[in-house]
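An overview of the molecular structure
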Amino acid sequence: MGITFQEATPQRLVATMPVAGNTQLYRMLHGGASAVLAESLGSIGAVLHAGEGHIAVGVDLNATHHRAVRTGTVTGVATALHLGRTTATYEVVISDEAGRRVCTARITCAVHGRRGDR
């Protein structure tokens, strides 16, 4: 996928992804690639929020695709909407190099203790 992280805290994450190699049949950014970027950002944010001794797993992801992108790089910015004891929810805005919104996604992760602690 070629995802590169620039910033990662429980409250805000930023990453880029190239369009090349992540396209569908019409040579546009694949919606699934946008979903992968969004889920990666939200899941890592939730893990950072959960802290040592806990895991976070995605339970809901939705994405609205606003415009096509054929070249360049897209940037995803995940902003925490809710950081709770058992769930973490992020809004992810994916933009093209001109700053135009390409996709808006929301991901919710469940926060659990380590699998071995059960």
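Before reading further, recall that the structure is shown in the block above.
Below: a short report on this structure. Quick caveat, the model's predicted, so the values are computed rather than measured. (Residues numbered from 1 in each chain as written. Predicted model: local features only at pLDDT ≥ 70, side-chain atom pairs only at ≥ 80, totals over all residues. Heavy atoms only, no water.)

**A look at the nonpolar core**
Formed by 23 residues in total, the largest nonpolar core has its most connected members in Leu29, Leu37, Leu41, Val74, Tyr90, Val92 and Ile94. Elements supplying a minimum of two residues to this core: strand S2 (12–18), helix H1 (31–50), strand S4 (73–83), strand S5 (87–95) and strand S6 (101–113). For Leu41, the contacting residues outside a window of four places in its chain are Phe5, Leu13, Val14, Ala15, Gly76, Val77, Ala78 and Val92. (Core = buried A, V, L, I, M, F, W, Y, C linked by side-chain atoms within 4.5 Å. Buried < 20%, exposed > 50% of the residue type's maximum accessible area, 1.4 Å probe, protein only. Helix = DSSP H or I, 4+ residues; strand = E, 2+ residues; numbered from the N terminus. Contact = heavy atoms within 4.5 Å.)

**Observations concerning the pairing of S6**
The sheet contact formed by strand S3 (residues 54–65) and S6 spans 11 bridges and is antiparallel. In the sheet register, Ala63 faces S6, and the bridge partner there is Ala105. As paired elements, S5 and S6 share nine bridges and run antiparallel to each other. Opposite Ser95, over in S6, you have Arg101 as the bridge partner. (Pairing = 2+ DSSP bridges.)

**Examining the sheet that holds S6**
Pairing within the open sheet is antiparallel, and its six strands lie in the order S1-S2-S4-S5-S6-S3. Edge strands, defined here as strands with exactly one partner in the open sheet, are strand S1 (4–8) and S3. Between one strand axis and the next, the sheet turns through 20 degrees on average, direction left out of account. On the sheet, H1 packs against S1, S2, S3, S4, S5 and S6 and is oriented at approximately 40 degrees with respect to S6. (Axes fitted to C-alpha atoms, helices over the stretch in contact; angles between N-to-C directions.)

In short, geometric facts, not functional conclusions.
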